[in-house]
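# Overview (structure and organization)
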Amino acid sequence: MIGLIQTGFIWVAMANTTKHTFFSPYSHELVRLGVCVPALRPADVGFNARQTLDLIHQGHAAGAAILLFPELGLSAYAIDDLLLQQALLDAVEAELAHLTQATEGLTPVCVVGAPLRFKGGLYNCGVVLYDGRILGAVPKAYLPNYREFYERRWFTPGADVTGEIISIAGQEVPFGVDILFQAVGQTPFCFHVEICEDIWTPTPPSSAAALAGAEILLNLSASNITIGKAKTRDLLCRSQSERCQAAYAYSAAGPGESTTDLAWDGQGAIFELGQTLAQARRFSLEPTLTLADLDLGRI
């Protein structure tokens, strides 16, 4: 079992909370989570960042505390060897800096997907942003390298990355699969981040995270669609939420990803203790934001 460390952040009360706090869901141990599937353009990092920020503003207006985005959402997933282009990786880091600044004063903690360089390797990462800061980054532990997947061509597996510090957009932040993010506020909560293939393995990193106290498990995914795959994803995520006695949120790539070899359905879903709380509309040609209130008291 991997060990887990914690990096804390302060979650402040929402700016749009109603005057009487009794009517706020956060007064009743509820946490509003949003699964976001933005429109993308392959390798157009500026466009992708703007689409991401638009959904962040929508989530803020809806009173969300957490917003989850797809895997490699800033670069797009299906761009093959462009992932090794220095100009693209520099643009990702620059847009991460702009996006981080843009979250200042906003309610949600945002988890976005980006390729990041570290110690001579390239990692497929989930980056956690909140109120003008980068709180940490989590690498994809297990890389698919079968059938239509060949991620080891570009990325380094993150399963053994623990207790590291990475520099992102001028900020030194925790880096590894061993991070728990702890929020404090009206309804404290603890969450963990894993990426796509991680949930398809016999021992997902989220299992260890749940044993260490994570109540909310987040999965950034690209995950092309094939016949029957949507049901499999649903089964994996729903069963993991039951097995871990937690909430589990999943966001897959949608409109705009390259369809040269693959197809995408933008499946997004939120589960709690084995029950489905919300699902995004699949195959939408427009961005989607799917919201659900998690019952932390019940969890």
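As shown above, the structure is provided for reference.
Quick summary incoming for the structure in this document. This structure is a prediction, so every number in the text was calculated from the model and none was measured.

## As for the packing of helix α1 (residues 45–61) against helix α2 (residues 86–102)
Interhelical geometry of α1 versus α2 gives an angle of 25° and a closest axis separation of 9 Å. Here α2 runs roughly parallel to α1, going by the angle between their axes. Considering only the axes of α1 and α2, their crossing is right-handed. Mapping the contact onto sequence places Val45, Gly46, Ala49, Thr52, Leu53 and Ile56 in α1 and Leu88, Ala91, Val92, Glu95, Leu99 and Ala102 in α2. Considering only residue class, the contact of α1 with α2 consists of nine nonpolar, two polar and one charged.

## Focus: the pairing of strand β10 (residues 189–195)
For β10, the buried fraction is high: seven of the seven residues fall into the buried class. Burial of β10 is two-sided: the residues Phe189, Phe191, Val193 and Ile195 facing one way and the residues Cys190, His192 and Glu194 facing the other way are all buried. Turn length for the strand β9 (residues 179–184)-β10 hairpin, with the two strands adjacent in sequence and antiparallel, is four residues. Bridge count for β10 against strand β11 (residues 216–220) is five bridges, and the pairing is parallel. Bridging across to β11, Val193 finds its partner in Leu218.

## Focus on the pairing of β9
Here is the key point about a regular strand: its side chains alternate between the two faces of the sheet. As defined by bridge partners, β9 adjoins β10 across three bridges and the pair is classed as antiparallel. Bridged to Ala183 within β10 is Phe189.

## Some details on unusual backbone geometry
Positive phi, normally seen in glycine, also occurs at Ala43, with a value near 70°. Looking at the element boundaries, Ala43 is found in the loop between β2 (30–37) and α1. By relative accessible area, which is 29% here, Ala43 ends up partly exposed. With phi around 50°, Gln245 is a residue other than glycine that occupies positive phi space.

## Description of the environment of Val45
Mapped onto the secondary structure, Val45 falls in helix α1. The sequence separation of Val45 and Ala94 amounts to 49 residues, and the corresponding C-alpha distance is 9.3 Å. Beyond its immediate sequence surroundings of up to four residues, Val45 is in contact with Leu74, Leu88, Ala91, Val92 and Glu95.

## Examining the pattern of salt bridges
Tallied over the entire structure, the rule returns 13 salt bridges. Taking the shortest distance from any N to any O, the salt bridge between Glu164 and Lys119 comes out at 3.2 Å. Residue Glu164 is located in strand β7 (residues 164–168), and its partner Lys119 is located in the loop between β4 (109–118) and β5 (121–130); the two are separated by 45 residues in the primary sequence. Given a relative accessible area of 67%, Lys119 falls into the exposed group. One salt bridge in this structure joins Glu272 and Arg298, with 2.7 Å as the shortest N-O distance.

## Some remarks on the nonpolar core
With 47 residues, the main nonpolar core has Leu96, Leu116, Val127, Ile166, Ile168 and Phe175 as its most contacted residues. Of all elements in the fold, only α1, α2, β4, β5, β6 (133–139), β7 and β8 (171–175) reach the threshold of two or more residues within this core. In contact with Leu116, other than residues within four places in its own chain, are Leu96, Gly121, Leu122, Tyr123, Cys125, Val127, Ala137, Ile166 and Ile168. In this structure, Val31, Val128, Leu135 and Leu218 belong to the second largest nonpolar core, which totals 31 residues.

## Some remarks on α2
Owing to its 3.6 residues per turn, the α-helix brings residues three or four apart onto one side. Given a rise of 1.5 Å per residue, 17 residues ought to cover 24 Å, and the 24 Å separating the end C-alpha atoms of α2 matches this to within 8%. Among the residues of α2, those classed as buried are Leu88, Leu89, Val92, Glu95, Leu96, Ala97, Leu99 and Thr100. Check the buried side of α2 and you find it contacts α1, β4, β5, β6, β7 and β8.

## Thoughts on the environment of Leu143
With respect to the secondary-structure elements, Leu143 resides in the loop between β6 and β7. Judged by its relative accessible area of 10%, Leu143 falls in the buried class. The spatial distance from the C-alpha of Leu143 to the C-alpha of Phe155 is 7.8 Å, given a sequence separation of twelve residues. Beyond its immediate sequence surroundings of up to four residues, Leu143 is in contact with Glu151, Arg152, Phe155, Thr156, Pro157 and Glu197.

Reading guide: rules and limits
Residues numbered from 1 in each chain as written. Predicted model: local features only at pLDDT ≥ 70, side-chain atom pairs only at ≥ 80, totals over all residues. Heavy atoms only, no water. Axes fitted to C-alpha atoms, helices over the stretch in contact; angles between N-to-C directions. Helix = DSSP H or I, 4+ residues; strand = E, 2+ residues; numbered from the N terminus. Parallel < 35°, antiparallel > 145°, perpendicular 65-115°, else oblique. Left-handed = near helix turned anticlockwise from the far one by under 90°. Contact = heavy atoms within 4.5 Å. Nonpolar A, V, L, I, M, F, W, Y, C, P; charged D, E, K, R; others polar. Buried < 20%, exposed > 50% of the residue type's maximum accessible area, 1.4 Å probe, protein only. Pairing = 2+ DSSP bridges. Salt bridge = Lys/Arg side-chain N within 4 Å of Asp/Glu carboxyl O. Core = buried A, V, L, I, M, F, W, Y, C linked by side-chain atoms within 4.5 Å. Expected span 1.5 Å × (residues − 1).

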